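Breakdown of the fold
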Amino acid sequence: MHAPKSSRRQTVLLRPHNSVHSLSEPEYCCVWSKLSEFGATDMAAARVIAVGNTTSSLLLKGSRRLSQKPHGVSPCFNRLLSKKRLFNCSALYKPQVQIKEEGQFETFDYRVYLVDNSGRKLSPWHDIPLHLGDGVFNCIVEIPKNSNAKMEVATDEPFTPIKQDTKKGKLRYYPYNINWNYGLLPQTWEDPTLANIEVEGAFGDNDPVDVVEIGEGRRKIGQVLKVKPLAALAMIDEGELDWKIVAISLDDPRASLVNDVHDVEKHFPGTLTAIRDWFRDYKIPDGKPANKFGLDNKAANKDYALKVITETNESWAKLVKRSVPAGELSLV
């Protein structure tokens, strides 16, 4: 449940964001001391937001005292993509992400969490940085290749773990296996209040952006991949815009061969059509109409995919800053 905002707000000036990564251990402890002193209403409020241009200061707002270091706090936004700012939460330290399963697979209680080395939970949506530089992004796998359990990030639960989707009291499955690794781009959000004039005026679906990873390996639920985007498909699902970014993991043997949409056609012939047709038709066996695709029913190129990522990252930044209503979305 979305925590109410406190009427009492305080601001802590930390330091210009271009030097935050050079914090020494004493400075690091000092930062957390300040966090404890001023507190935060929740994990989202404990994130430090960079505002303005590259010389802006980092501000922290909050009202509730913290008794320890917040779990998975990612206290800065940085990086640029093209001429627009790409907001990117980066931790003051770089914990190794581990996968922690709770419950039995294919049950209602099954959850996959990401944790750091100390066991603190991290949100795969909010705490894993999006942009790694040089056109490389993080991607979190939700559904492994050649499987059909409909797994997804629980955007309304604390720490947004991965769980199996449900409908009418039943676990959801695709009618047939998905042929690629399927996941999300962290720190992106398809704003349901924004209409995309380039895609029939469709509004966002209120979820992170989806990724279809076309590499040969079968990945694990919760695995964090370093991917490069290659193309974008503008799926329209019951009137909502649901972007599919086609990408490849950097550790795939053919990753160096593909850098844009035309390379996919050359080295993975038929794959873009197969992805489009799979997502167009998967609801038909349940008696629903086929999904539609914008942009003339074609895959857009890498530059367009990067534009989609930038715009949805900006929407996510507004969400975690509470510039737009979160509703029941978890910002923890």
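Computed from a prediction, not measured in an experiment: that's the story for all the values here.

1. Overview of the side chain of Asn181
Turning to its location among the elements, Asn181 is positioned in strand β17 (residues 181-185). Within the structure, Asn181 has its side chain in polar contact with the backbone nitrogen of Lys145 (distance 3.0 Å). A polar side-chain atom of Asn181 sits 3.1 Å from the main-chain amide nitrogen of Arg219. Discounting chain neighbours no more than four positions away, the residues touching Asn181 are Ile143, Pro144, Lys145, Val211, Val212, Glu213, Gly217, Arg218 and Arg219.

2. Focus: the packing of aromatic side chains
Taken as a whole and judged by the stated rule, the model has nine aromatic pairs. Relative to Phe279, the ring of Tyr182 has its centre 5.3 Å away and its plane inclined at 40°; by these criteria the two rings are tilted. Here Tyr182, found in strand β17, pairs with Phe279, found in helix α4 (residues 271-281); they are 97 residues apart in sequence, far enough to count as distant. For the pair Tyr182 and Phe279, a shared accessibility class is recorded, and that class is buried. In this structure an aromatic cluster arises from ring pairing among Tyr174, Tyr176, Tyr182, Trp278, Phe279 and Tyr282. Over the ring of Tyr304 we find Lys307; its NZ or CZ atom is 4.5 Å from the centre of that ring.

3. Observations regarding the pattern of salt bridges
For the coordinates displayed, the defined rule picks out 19 salt bridges. Of the charged contacts in the structure, one is a salt bridge between Lys244 and Asp210, with a shortest N-O distance of 2.7 Å. Here Asp210 lies in strand β20 (residues 209-213) and Lys244 lies in strand β22 (residues 240-249), a separation of 34 residues in the sequence. Given the relative accessible area of 1%, Lys244 is considered buried. Asp210 gets classed as buried once you look at its relative accessible area, which sits at 10%. A salt bridge links Asp281 to Arg280, with the nearest nitrogen and oxygen atoms 2.7 Å apart. Its relative accessible area of 22% is what places Asp281 among the partly exposed residues. With relative accessibility at 28%, the residue Arg280 sits in the partly exposed group. Salt bridges here are not isolated pairs; linked through shared partners, they connect Lys150, Glu152, Asp165 and Arg172.

4. A look at the nonpolar core
In terms of nonpolar packing, the biggest core is built from 45 residues, with Ile214, Ile275 and Phe279 touching the most fellow members. Leaving out residues up to four positions away in the same chain, Phe279 has contacts with Ile178, Tyr182, Val212, Met235, Lys244, Asn291 and Phe293. Counting 24 residues, the second largest nonpolar core, distinct from the first, contains Leu185, Ala202, Ala232 and Leu306.

5. Observations concerning the confidence of the model for the chain
Summary statistics for the chain give a mean pLDDT of 80 and a share of 71% for residues scoring 70 or more. Confidence drops under a pLDDT of 50 for residues 1-83, and excluding neighbours within four residues, the segment shows 191 contacts in the predicted structure.

6. Structural notes on the environment of Leu132
Looking at the element boundaries, Leu132 is found in strand β9 (residues 131-133). Look at Leu132 and you get partly exposed, because its relative accessible area is 32%. Measuring from C-alpha to C-alpha, the distance between Leu132 and Val227 comes to 9.5 Å, with 95 residues separating the pair along the chain. With residues near it in sequence (within four places) discarded, Leu132 still touches Phe137, Asn138 and Lys226.

7. Structural notes on the pairing of strand β7 (residues 111-115)
With five of five residues buried, β7 is to be regarded as a mostly interior element. Taking every second residue as pointing to the same face, both faces of β7 are buried, with Arg111, Tyr113 and Val115 on one and Val112 and Leu114 on the other. In this structure, strand β6 (residues 98-102) lies alongside β7, joined through five bridges in antiparallel fashion. Looking at the pairing, Ile99 lines up with Leu114 of β7. Here β7 folds back onto strand β8 (residues 121-122), and the loop between the two strands holds five residues, one of which, Gly119, carries a positive phi near 95°.

Thresholds applied
Residues numbered from 1 in each chain as written. Predicted model: local features only at pLDDT ≥ 70, side-chain atom pairs only at ≥ 80, totals over all residues. Heavy atoms only, no water. Helix = DSSP H or I, 4+ residues; strand = E, 2+ residues; numbered from the N terminus. Polar contact = N/O pair within 3.5 Å; in protein donor to acceptor, adjacent residues only side chain to side chain. Contact = heavy atoms within 4.5 Å. Phe/Tyr/Trp six-rings, centres within 6.5 Å; stacked < 30°, edge-to-face > 60°. Buried < 20%, exposed > 50% of the residue type's maximum accessible area, 1.4 Å probe, protein only. Lys NZ or Arg CZ within 6 Å of the ring centre and 35° of its normal. Salt bridge = Lys/Arg side-chain N within 4 Å of Asp/Glu carboxyl O. Core = buried A, V, L, I, M, F, W, Y, C linked by side-chain atoms within 4.5 Å. pLDDT = per-residue confidence, 0-100. Pairing = 2+ DSSP bridges.

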